[in-house]
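Understanding the architecture of this molecule
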Amino acid sequence: MRIAYLVAFDPYASNLGTEIGLRGVAEGMAARGHTVTIFYAYARGEGGRSPEGVRVTGVSNTGLRLIAGLEANHRILRVCRGEDAGHFDVVDLFGSALGLAFSRLRSEGAKRVYHAVDLAMLEWAALDAGRVTRFPFYAGLAFGERRAMHAAQLVVAVSKGTRADLAVEYPYSDAPIEVVPLPLTESWFDPNPPVERGHFLYIAAGHRRLTELFLRALARAQQMGANAKGIVLREPRPEYSRLAQSLGIDVTFRSNVSADVLRDCYAGAYAYVLPSRREGLGLPVIEAATQATPTISSPLPSVLDFVVDGRNGLLVAGEDVETWAEKMYLLATGSDLQRALGAEARRNSEAYRASRVAATLEALYAGGGG
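Spatial ordering of the open sheet is given by S11-S10-S9-S12-S13-S14, a layout of 6 strands whose pairing is parallel. At either margin of the open sheet sits one strand with a lone partner, and together these are strand S11 (251–254) and strand S14 (313–315). Looking at each pair of strands side by side, their axes are set apart by 20 degrees on average, direction ignored. The sheet contact formed by strand S10 (residues 229–233) and S11 spans 4 bridges and is parallel. Bridge assignment links glycine 230 to a residue of S11, and that residue is valine 251.

This is the structure we're talking about:
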């Protein structure tokens, strides 16, 4: 099959979970012998071909309006209609941002697939007084999602929660909705030399993740006797480094890190800690699991696709600092439990290999079951 993926972010300046998952999907499909092209609507790079055989094309656009740049839409449409580069058997839209272009696609014989990485309506509903300026952004996402749902012949939801949300929001859509998780590239599963564990890892993602809760829980766990530091990634807001200082806890704040450094951060952690009010993907949970590191998490739908409380991780309902601290203390001081949860998480992570997910998608693209 010749497969085109349409996305609306710049891979040369992004570490989005959507991009990470897309690369895993594309590399997995290429490894199975399919011809894969990714069209990055906002990319500035010239693209090229990855070692896995994935062709990357940057559709540069300097006149963005809302989330969907019209020029990017037009250029992608020309390519996918065969006006510039031939025919595709499958056109898969990753995320809703280019829903307008996707809904106008009339490529003869190409199967239209919408990869729903999250429910755009949830993003829109999450607006508050401090984010009114982002209204056009979220309105554009919601509009693109609606157009994509009506145009798709198949919808691939990345979690059971996303599938349930889509079924409620779009009850009249004729497209079947299949659940296929976003994968990790094979490199995540390469064996690592043993690393001594000594910290808890937290990765920020705006207001939906609870940085203050993590810091206060870590401080309380240390008061209880846990000998554990903290590593916080991608938290640019200075008030949290000041909070850590006032709490007297040993926390390292880092911005973007390489994939190798990120793996080391997971591998050296007692647990990846995920206090959050909403998650669409849950990929960090799987990244941690590949390093035999369990997750302590809020019981969110995307997380529940993987984490089973007391088996391969721990779940904490609510935002009580004491409860989170108790779970952290338990894993920092109970080495047998930490190892047992981590080992089970590592075994379960095998289902998220790019090669396995690609086999499922191949069957769906071809019209069979997953």
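Moving on, there is more to tell.
Spatially, the 8 strands line up as an open sheet ordered S3-S4-S2-S1-S5-S6-S7-S8, and their pairing is mixed. Looking at which strands have only one partner, the edges of the open sheet turn out to be strand S3 (48–49) and strand S8 (177–179). Bridge analysis of strand S1 (residues 2–7) against strand S2 (residues 35–40) gives 6 bridges, and the strand direction is parallel. Residue pairing for S2: valine 7 is matched across the bridge by tyrosine 40. Packed onto the sheet, helix H1 (residues 17–31) meets S1, S2, strand S4 (54–58) and strand S5 (90–94) and runs at close to 160 degrees relative to S2.

Right, let's get into the layout of surface pockets. Over the atoms a probe the size of a water molecule is rolled, and this reveals where empty space is left. Space inside the second largest pocket adds up to approximately 500 Å³. Along the wall of the second largest pocket there are 19 residues; nearest its centre are Ile20, Thr185, Ser187, Trp188 and Ala259. Every element with two or more residues in the lining of the second largest pocket is listed here: H1 and helix H9 (259–267). Looking at the lining of the second largest pocket residue by residue, the classes come out as 5 nonpolar, 5 polar and 9 charged.

What follows covers helix H13 (residues 335–349). If you check H13, its first and last C-alpha atoms are 21 Å apart, about what 15 residues at 1.5 Å a residue would give, namely 21 Å. Turning to H13, its buried residues number three or more, namely Gln338, Leu341, Gly342, Glu344, Ala345 and Ser349. With its buried residues spanning 165 degrees around the axis, H13 presents them on a single face. Projecting away from the buried face of H13 at angles above 90 degrees are the exposed residues Asp336 and Arg347. Those residues of H13 that are buried lie in contact with strand S12 (269–274), helix H10 (283–290), S14 and helix H12 (321–333).

Basis of the calculations
- Residues numbered from 1 in each chain as written.
- Predicted model: local features only at pLDDT ≥ 70, side-chain atom pairs only at ≥ 80, totals over all residues.
- Heavy atoms only, no water.
- Pairing = 2+ DSSP bridges.
- Helix = DSSP H or I, 4+ residues; strand = E, 2+ residues; numbered from the N terminus.
- Axes fitted to C-alpha atoms, helices over the stretch in contact; angles between N-to-C directions.
- Contact = heavy atoms within 4.5 Å.
- 1 Å grid on protein atoms, 1.4 Å probe; cavity = no way out; pocket = protein on both sides within 12 Å on 5 of 7 lines; lining within 4 Å.
- Points joined across faces, edges and corners; volume = space filled by probe spheres on them.
- Nonpolar A, V, L, I, M, F, W, Y, C, P; charged D, E, K, R; others polar.
- Expected span 1.5 Å × (residues − 1).
- Buried < 20%, exposed > 50% of the residue type's maximum accessible area, 1.4 Å probe, protein only.
- Arc of directions from axis to C-beta.

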